[in-house]
Amino acid sequence: MEEEQMKQTSPARNRYKLYKYLTVALFFIVVFFSIGAVGVETTSSSEFCSSCHEMKPEFYTWEASSHSEVDCVQCHIQSGVEEYAKAKANGLVEVYKKQTGKYIAPIRMPDQVPDESCEKCHNVFKREFSVSGDIIVDHVNHKENDVKCVECHAGTAHGNIDDRKMTFKADYEKWNSTIGANAMSDMKYVKPNMDTCIECHKAKDVTIECSACHSTGMVPESHKEASFVNGKHGELAKTELSQCHKCHKDMSTNKLEGFEEPSVIDQFLGQDNQTSKKSHISYSKENSFCVDCHNKRPASHTPDLISNHGSYATKNKETCSVCHDNDNTVSTSQNKVVCATCHSKDHLETWRTSHPVKVPATQKKPDKTCYQCHIQKSCTRCHK
């Protein structure tokens, strides 16, 4: 009787055990996948990226960028399970390199962000945008000519800090929100500007004429005044040379150096005083755009200028220096007429104090006494 009862209750007990095991298994499966989901979500956040100190420069520049609302994975991991799995596998490799110290600094992306990532948010075929209003960037034309988004917008999220050599191992821990914001405040590294366009156009043999991109010519109001050509542009260049340089540097066939403003980060670090800036006078002699006009003989240079140019030069020394150099041994001008051609270096303004024989201040020309030491023929070439 007892055996029959056991046989009848055995299937029920077995089913109970089966349900018990299935419940436990299901519990562990749910926990496993929950932990996995949380792990995937956590490792996909931008904050997780910053947990590695090697990524601090990238994190703090991203935080200060216009894309700070877009998580890293949205740009750096492509759509699809395969791409996602590949990215996570590469992440494990990077963790290994970090632990073993075998990674290379500065850290660079193995591949550039593809257009597909940008086009998740931006419709390039309806992208008409210009800060100045003078030019509409033809994104469709660039797209059709296989110009990648990053060719113009490489610094959008991180300000090209790797190319600026700001991400070396010794500096990771120094990074914070302030340094990130300062690095991103230098717009020439963040947004495409005229330099970006000019360099690309030159490399691809595309015209760099102003009219190719600017609908109005971008002529400043100051340039339209009648007095601008006849002197005023020199006065403006004295105080606003950096503004002149932005446009006119690309009009020069000569390479121009020493006229760039110190970067924002150099100013922040107090290194801007290391930049040896040249004056507007040097600019007028080195920029071929200026020289083309400055080498033309001014209307003031009449035939009798030789006899009275001294008094003119005394009053307008800086004006003369725009075209002429004082020393023909260090001439930077293409103008071959230099002061030292006629005025010997011995004839300094202090010559009277060093002269062994006292010469009255009123005496302007040599006399017979002078020729006891000096050769009259040499002196009379100038002093007649």
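Scroll up to find the structure this text is about.
Only a predicted model underlies this, so the values are computations on that prediction, with no experimental measurement involved.

*Asks:* Is there a simple way to explain the pattern of salt bridges in this structure?
*Replies:* Opposite charge on two side chains makes pairing possible when the charged atoms of those side chains draw close. Applying the stated rule across the entire model yields 9 salt bridges. The partner of K204 in a salt bridge is E151, and the shortest N-O contact between them spans 3.2 Å. Taken together, the positions of K204 in the loop between α11 (194-203) and α12 (228-248) and E151 in helix α8 (residues 149-153) put the pair 53 residues apart, joining distant regions of the chain. Through salt bridges with shared partners, one network takes in D115, E119 and K143.

*Asks:* Before we go on, may I ask you to explain the nonpolar core in this structure?
*Replies:* In this structure, F59, Y60, W62, I161, M166, W175 and A183 together form the largest nonpolar core, which totals 7 residues. At 3 residues, the largest contribution of residues to this core is made by helix α3 (residues 56-63). Membership of the second largest hydrophobic core comes to 5 residues, among which are L256, F259, Y283 and C290.

*Asks:* Would you mind going over the environment of Y189 with me for this structure?
*Replies:* The residue Y189 is located in helix α10 (residues 187-190) in this model. For the pair Y189 and G155, spaced 34 residues apart in the sequence, the C-alpha separation amounts to 5.7 Å. In contact with Y189, other than residues within four places in its own chain, are G155, G159, N160 and R164.

*Asks:* Looking at this structure, how should I read the packing of α3 against helix α9 (residues 177-184)?
*Replies:* Put simply, α3 and α9 touch, their axes get as near as 8 Å, and they point 65 degrees apart. Between α3 and α9, the angle falls in the class roughly perpendicular. The handedness of the crossing between α3 and α9 comes out as right-handed. Contacts between α3 and α9 involve Y60, T61 and E63 on the former and, on the latter, S177, G180, A183 and M184. In terms of residue class, the contact of α3 with α9 is built from 3 nonpolar, 3 polar and 1 charged.

*Asks:* Hey, could you run me through unusual backbone geometry in this one?
*Replies:* Most peptide bonds take the trans configuration, and most residues that are not glycine carry a negative phi. The residue K165 is not glycine, and still its phi comes out positive at about 60 degrees. You can see K165 is positioned in the loop between α8 and α9. Residue classification places K165 among the exposed residues on the basis of a relative accessible area of 57%. With a phi close to 55 degrees, D205 is a non-glycine residue in the positive phi region. Examined against the element boundaries, D205 turns out to sit in the loop between α11 and α12.

Cut-offs used in this document
Residues numbered from 1 in each chain as written. Predicted model: local features only at pLDDT ≥ 70, side-chain atom pairs only at ≥ 80, totals over all residues. Heavy atoms only, no water. Salt bridge = Lys/Arg side-chain N within 4 Å of Asp/Glu carboxyl O. Helix = DSSP H or I, 4+ residues; strand = E, 2+ residues; numbered from the N terminus. Core = buried A, V, L, I, M, F, W, Y, C linked by side-chain atoms within 4.5 Å. Buried < 20%, exposed > 50% of the residue type's maximum accessible area, 1.4 Å probe, protein only. Contact = heavy atoms within 4.5 Å. Axes fitted to C-alpha atoms, helices over the stretch in contact; angles between N-to-C directions. Parallel < 35°, antiparallel > 145°, perpendicular 65-115°, else oblique. Left-handed = near helix turned anticlockwise from the far one by under 90°. Nonpolar A, V, L, I, M, F, W, Y, C, P; charged D, E, K, R; others polar.

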